[in-house]
Protein chains: 2
Amino acid sequence: MSDVIYMDNNATTRVADEVREAMAPYLAKAYGNPSSVHTFGGRIAHDVDRARQQVADLLGCDPTEVVFTSCGTESDNTAIRSALAVYPARRHVVTSRVEHPAVRNLALRLARGEGVLPRYRHTELPVNSDGTLDLPDVGNALDDDTAVCSIMWANNETGVVFPVERIGAMCRETGVLFHTDAVQAVGKIPMTLADLPIDMLSVSGHKLHAPKGIGALYVRRGCRFSPWLIGGHQEAERRGGTEAVAQIVALGAAAELAGRRIDEERTRVVALRDRLERELLARCPDARVNGTTASRLPNTTNISFEYIEGESILLMLDEYGICASSGSACTTGSLEPSHVLRAMGVPYTAAHGSVRFSLSVENTDADVDKVIEVLPPIIKRLRELSPFGREE
Amino acid sequence: MSDVIYMDNNATTRVADEVREAMAPYLAKAYGNPSSVHTFGGRIAHDVDRARQQVADLLGCDPTEVVFTSCGTESDNTAIRSALAVYPARRHVVTSRVEHPAVRNLALRLARGEGVLPRYRHTELPVNSDGTLDLPDVGNALDDDTAVCSIMWANNETGVVFPVERIGAMCRETGVLFHTDAVQAVGKIPMTLADLPIDMLSVSGHKLHAPKGIGALYVRRGCRFSPWLIGGHQEAERRGGTEAVAQIVALGAAAELAGRRIDEERTRVVALRDRLERELLARCPDARVNGTTASRLPNTTNISFEYIEGESILLMLDEYGICASSGSACTTGSLEPSHVLRAMGVPYTAAHGSVRFSLSVENTDADVDKVIEVLPPIIKRLRELSPFGREE
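Residues numbered from 1 in each chain as written. Chains lettered and ligands numbered in written order. Predicted model: local features only at pLDDT ≥ 70, side-chain atom pairs only at ≥ 80, totals over all residues. Heavy atoms only, no water.

With that settled, the discussion passes to the environment of Val374 of chain B. As for its placement among the helices and strands, Val374 of chain B is situated in helix α13 (residues 365–385). Discounting residues that sit within four places of it in the chain, Val374 of chain B has contacts with Leu317, Tyr320 and Ile322 of chain B. (Helix = DSSP H or I, 4+ residues; strand = E, 2+ residues; numbered from the N terminus. Contact = heavy atoms within 4.5 Å.)

Okay, here's the thing in structure tokens:
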């Protein structure tokens with residue numbers, strides 16, 4: 001596995017060595033329950049609090065505003081369900097067409113009427129061909145029946161960054177709770193939540209070099225909140241269940257590391273991404289970058305190679321040990337083209353042939369060289385085999 | 001920490017060496033996302049499936065019936081919420097007075113009417129002074145408005161075991177879904193779910209020597225189910241969120257280990273527990289075992305030392321590095337005596353002075369010797385200091 005070229009960091013990341021070392025004691029001798037009376041368990045509560053501070057430092061907020069969860073999906077679900085619970089008379093939810101399934105599929109279920117819940121009105125905001133929102137659309141969608149507006153900070157498939165500060169301000173003006181799925185933004189974009197009109201924000205550990213199975217939800221102080229996972233008194237009554245200590249410590253260490261690396265992400269990583277993108281476009285005809293004219297994450301490029309299947313490209317890259325993806329891992333297995341690219345109006349023939357490369361600080365110039373060398377002949381060969389033919 | 005005598009295994013357990021070794025690769029080189037197309041990620045799906053088989057083997061069920069969750073609390077919440085969702089017209093929930101907060105607090109919220117949900121009728125079955133249920137009470141509580149009956153397999157505070165097979169049969173007769181929180185029973189009581197009338201069952205990893213932050217929910221094939229954590233297609237559409245691979249592999253390894261150790265649990269551990277209990281009762285006047293006449297878990301004893309505070313006993317034991325607890329870690333911080341002991345009608349002066357010792361296969365004869373030596377003088381000293389005095 002050592003010669004894998006890993007460019008699928010928006011799907012998941014390698015656990016950083018520092019993170020693995022930080023969590024190790026909690027998988028060994030320090031196994032107590034932080035809620036216990038005895039010293040052996042009780043002192044572990046301090047280690048959980050240190051991790052909370054580390055996450056708060058990355059987010060620019062107070063540690064009391066950080067609730068640990070099991071993943072980004074749980075954070076997203078918790079935020080939206082909480083808003084519905086604290087505004088039981090409101091029956092409207094606003095999201096965008098390009099949200100992660102953890103927001104989108106939940107909103108779609110609410111709109112269908114789910115179990116004992118009433119049906120919700122759901123406004124799913126469209127995006128432009130570059131993946132951006134029209135801000136007046138946001139304002140028009142909000143009304144006093146809106147329980148929550150949930151718009152991601154950055155898109156997982158294209159890297160397009162949304163103007164969460166302006167969206168949050170519009171929500172605040174109309175008295176609507178604003179949640180943002182920032183799973184892809186945290187650690188890549190500096191943020192100071194204390195200064196932003198954001199009520200709730202989702203974090204996922206495994207997108208920033210912590211293990212899978214840990215996340216956090218920022219809940220602004222003063223934001224009305226109703227817990228979703230009901231059990232013991234943990235997380236200041238905001239999330240039941242024994243604290244996943246090793247995982248929490250890992251997220252804290254990953255947050256600290258991300259803070260130290262964020263400048264590198266915005267300089268060296270963006271340069272790698274830009275070179276990869278530029279060279280691939282130069283060497284492959286009929287290729288286009290999705291979302292290129294928008295503000296984007298430093299690490300992500302989503303390229304459509306027209307008239308061929310993205311899956312075929314991935315399988316051939318795989319033979320060289322190059323890991324990339326077509327859209328989100330969370331929707332793998334579906335034969336439909338990405339809902340994100342469809343929402344952007346990317347033509348069918350291009351949406352099907354899209355490949356996402358998502359880099360991290362662990363990528364090197366040599367990685368980019370290899371992809372630039374290997375991919376253009378793959379594209380050429382697949383085009384020759386393509387049942388779509390090629391219009392020339 | 002090496003000379004801690006740990007008798008708080010119902011709160012949490014040490015991660016077994018075999019478990020830590022099994023999960024290690026997934027915190028290092030094998031970091032791919034199991035939903036990815038590339039081999040690097042995709043082959044990890046097989047490792048998740050192997051863990052699912054290991055858990056199924058311990059439970060005596062089919063691996064397709066195992067859904068991984070983040071903890072026992074999530075499993076409990078998911079089971080109950082699912083039942084409400086699949087029977088939206090039913091408005092009644094049956095639990096017992098001695099359930100874990102993950103069931104009890106959820107049921108109490110449902111009974112108050114929570115957020116947008118309707119109010120539920122909630123029957124909370126009483127228990128006898130030995131902590132057992134009267135079976136006719138169960139039958140009388142069930143009606144065709146009952147969405148779910150949730151009764152634990154074994155109580156975390158007293159170790160009292162409930163007749164889940166008979167309760168399940170009564171539920172099946174009346175067409176009510178039966179869920180059991182088996183967090184304390186799994187690995188201590190052999191079970192073959194394929195032969196039992198149980199629809200859903202909760203498992204917690206950290207109660208059986210896996211890390212904190214991983215659990216499972218058994219969902220019987222054919223049982224109507226509605227997912228609670230909405231996101232991607234993971235867990236066969238039953239639980240969204242990227243699979244917590246290292247944690248899942250750990251639970252699998254812990255399940256396999258528990259299967260191998262279950263006979264030792266029922267022989268050596270029960271002998272340790274019995275000796276501890278017998279000697280403490282002989283050496284401490286005004287002590288009583290709660291739930292002693294009932295069928296109990298092999299590892300648990302809950303002893304009330306009248307006229308003194310359990311917390312004081314724990315603090316003094318702590319000075320000797322002995323870890324025990326007063327009731328559940330999930331309710332620590334509350335000044336109320338345990339809801340379990342109150343439900344059993346244990347007098348206030350005894351309920352306040354209760355200490356739970358919960359052993360594991362890692363305990364030794366020397367551990368028991370030490371507690372037997374140390375605790376009686378502590379009780380004597382605390383009684384002399386007690387503001388309650390002692391009626392003689």
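Here the narrative resumes, following the displayed structure.
Let us look at the pairing of strand β10 (residues 300–305) of chain A. Residue and element names in this part refer to chain A. With 6 of 6 residues buried, β10 is to be regarded as a mostly interior element. The side-chain alternation of β10 yields two buried faces, one formed by Thr300, Asn302 and Ser304 and the other by Thr301, Ile303 and Phe305. Two strands pair when backbone bridges link them, and strand β9 (residues 287–289) and β10 are joined in this way by 3 bridges, in the antiparallel orientation. Its bridge partner lying in β10, Arg288 is registered against Ser304. As paired strands, β10 and strand β12 (residues 354–358) are joined by 5 bridges and run antiparallel to one another. Across the sheet, residue Ile303 finds its bridge partner in β12, namely Val355. (Buried < 20%, exposed > 50% of the residue type's maximum accessible area, 1.4 Å probe, protein only. Pairing = 2+ DSSP bridges.)

This paragraph deals with the relation of the copies chain A and chain B. Note on the identical chains: chain A maps onto chain B by a rotation of 180° and an axial translation of 0.0 Å, with an RMSD of 0.0 Å. Look at the turn and shift together and you get a two-fold axis relating the two. By residue overlap, the copies meet face to face through one surface: 100% of the interface positions of chain A are interface positions in chain B. (Least-squares fit on C-alpha atoms with pLDDT ≥ 70 in both.)

Bringing the interface of chain A and chain B into the picture now. Counting from both sides, the interface comprises 77 residues of chain A and, opposite them, 77 residues of chain B. Roughly 6,100 Å² is buried in total at the junction of chain A and chain B, and carbon and sulfur atoms are behind 65% of that figure. Our enumeration of links across chain A and chain B arrives at 0 salt bridges. The interface formed by chain A and chain B contains 20 residue pairs in polar contact (both at pLDDT 80 or more). Tallying contributions element by element places helix α4 (residues 72–86) of chain A first for the side of chain A that touches chain B, with 6 residues. Of the residues in the side of chain A that touches chain B, the class split is 36 nonpolar, 26 polar and 15 charged. (Buried area = accessible area lost by both parts, 1.4 Å probe. Salt bridge = Lys/Arg side-chain N within 4 Å of Asp/Glu carboxyl O. Polar contact = N/O pair within 3.5 Å; in protein donor to acceptor, adjacent residues only side chain to side chain. Nonpolar A, V, L, I, M, F, W, Y, C, P; charged D, E, K, R; others polar.)

This next bit is on the sheet that holds strand β6 (residues 177–181) of chain B. Strand pairing within a sheet occurs via backbone hydrogen bonds; the two strands may be parallel or antiparallel. All names here are of chain B. Here we have 7 strands laid out as an open sheet, ordered β2-β8-β7-β6-β5-β3-β4, and mixed in their pairing. Pairing within the sheet leaves two strands with one partner each, and these edge strands are β2 (66–69) and β4 (121–125). Between one strand and the next, the sheet's axes are offset by a mean angle of 20°, whatever the strand orientation. With 4 bridges joining them, β2 and strand β8 (residues 215–219) adopt antiparallel strand pairing. (Axes fitted to C-alpha atoms, helices over the stretch in contact; angles between N-to-C directions.)

Our focus in this paragraph is the sheet that holds β10 of chain A. Residues and elements named next belong to chain A. Spatially, 3 strands are ordered β9-β10-β12 in an open sheet, and the strand pairing comes out antiparallel. Two strands bound the open sheet, and with one partner strand each, they are β9 and β12. Between one strand and the next, the sheet's axes are offset by a mean angle of 25°, whatever the strand orientation. Sitting on the sheet, helix α9 (residues 245–283) is in contact with β9, β10 and β12, with an inclination near 10° to β10.

With that settled, consider the pairing of strand β3 (residues 92–96) of chain A. All names here are of chain A. With 5 of 5 residues buried, β3 is to be regarded as a mostly interior element. Neither face of β3 is exposed, since His92, Val94 and Ser96 on one face and Val93 and Thr95 on the opposite face are all buried. Pairing analysis gives 5 bridges linking β3 to strand β4 (residues 121–125), with the strands arranged parallel. Residue pairing in the sheet places Val93 in a bridge with His122 of β4. With helix α5 (residues 101–112) bridging β3 and the parallel β4, this β-α-β connection has right-handed handedness. Bridge count for β3 against strand β5 (residues 146–150) is 3 bridges, and the pairing is parallel. When the sheet's bridge partners are listed, Val94 is paired in β5 with Cys149. (Right-handed = clockwise from strand over helix to strand, strands pointing away.)

Looking now at α13 of chain B. All names here are of chain B. With 21 residues, α13 extends 31 Å from end C-alpha to end C-alpha; this agrees with the ideal 30 Å at 1.5 Å per step. When we look at burial in α13, the residues that qualify are Asp367, Val368, Val371, Ile372, Val374, Leu375, Pro376, Ile378, Ile379, Leu382 and Arg383. Along its buried surface, α13 packs onto β1 (5–6), α9 (245–283), β10 (300–305), α10 (310–319), β11 (322–323) and β12 (354–358). (Expected span 1.5 Å × (residues − 1).)

The predicted coordinates ought not to be read in detail in places where the model reports low pLDDT. For chain A, the mean per-residue pLDDT works out to 94, and 96% of the residues sit at or above 70. For this predicted complex, the interface score ipTM comes out at 0.95, while the overall pTM is 0.96. (pLDDT = per-residue confidence, 0-100.)

Residues and elements named next belong to chain A. Domain boundaries assigned for chain A yield domain 1 (5–11 + 262–385) and domain 2 (17–257). Taking the mean C-alpha position of each, domain 1 and domain 2 sit 28 Å from one another. Both sides of the domain 1 and domain 2 interface together cover about 2,400 Å² of buried area, and 58% of this is carbon and sulfur. The interface formed by domain 1 and domain 2 holds 0 salt bridges in total. Counting across the domain 1 and domain 2 interface gives 11 residue pairs in polar contact (both at pLDDT 80 or more). Where the side of domain 1 that touches domain 2 is concerned, the elements lending two or more residues are α9, β10 and α11 (339–343). It is α11 that provides the largest number of residues to the side of domain 1 that touches domain 2, a total of 4 residues. For the side of domain 1 that touches domain 2, a count of residues per class yields 10 nonpolar, 15 polar and 5 charged. (Domains from an automatic or database assignment.)

A separate point is the packing of α9 of chain B against α13 of chain B. Residue and element names in this part refer to chain B. It is the contact of α9 with α13, at a shortest axis distance of 10 Å, that shows an interaxial angle of 15°. When the axis of α9 is compared with that of α13, the two are roughly parallel. Where α9 crosses over α13, the two elements pack in a sense that is right-handed. Taking contact as the criterion, the partners of Leu272, Arg275, Leu276, Glu279, Leu280 and Arg283 in α9 are, on α13, Asp365, Val368, Asp369, Val371, Ile372, Leu375 and Pro376. The class makeup of the residues in the contact of α9 with α13 is 8 nonpolar, no polar and 5 charged. (Parallel < 35°, antiparallel > 145°, perpendicular 65-115°, else oblique. Left-handed = near helix turned anticlockwise from the far one by under 90°.)

Inspection of the entire model under this criterion finds 13 cavities of 30 Å³ or more. Of the voids in this model, the largest cavity is the one considered here, and its volume is about 350 Å³. Lining the largest cavity are 22 residues, and of these Arg81 and Leu117 of chain A together with Arg81, Leu117 and Trp228 of chain B lie nearest its centre. In terms of residue class, the lining of the largest cavity is made up of 12 nonpolar, 6 polar and 4 charged. (1 Å grid on protein atoms, 1.4 Å probe; cavity = no way out; pocket = protein on both sides within 12 Å on 5 of 7 lines; lining within 4 Å. Points joined across faces, edges and corners; volume = space filled by probe spheres on them.)

Let us now look at the nonpolar core. One finds Trp153 and Leu201 of chain A together with Trp153 and Leu201 of chain B to be the most contacted residues of the largest nonpolar core, which totals 148 residues. With residues near it in sequence (within four places) discarded, Leu201 of chain B still touches Leu59, Trp153, His179, Thr180, Ala182, Val186, Met191, Leu193, Ala216, Leu217 and Tyr218 of chain B. With 48 residues, the next largest nonpolar core counts Leu84, Met200 and Ile230 of chain A together with Ala83 of chain B among its residues. (Core = buried A, V, L, I, M, F, W, Y, C linked by side-chain atoms within 4.5 Å.)

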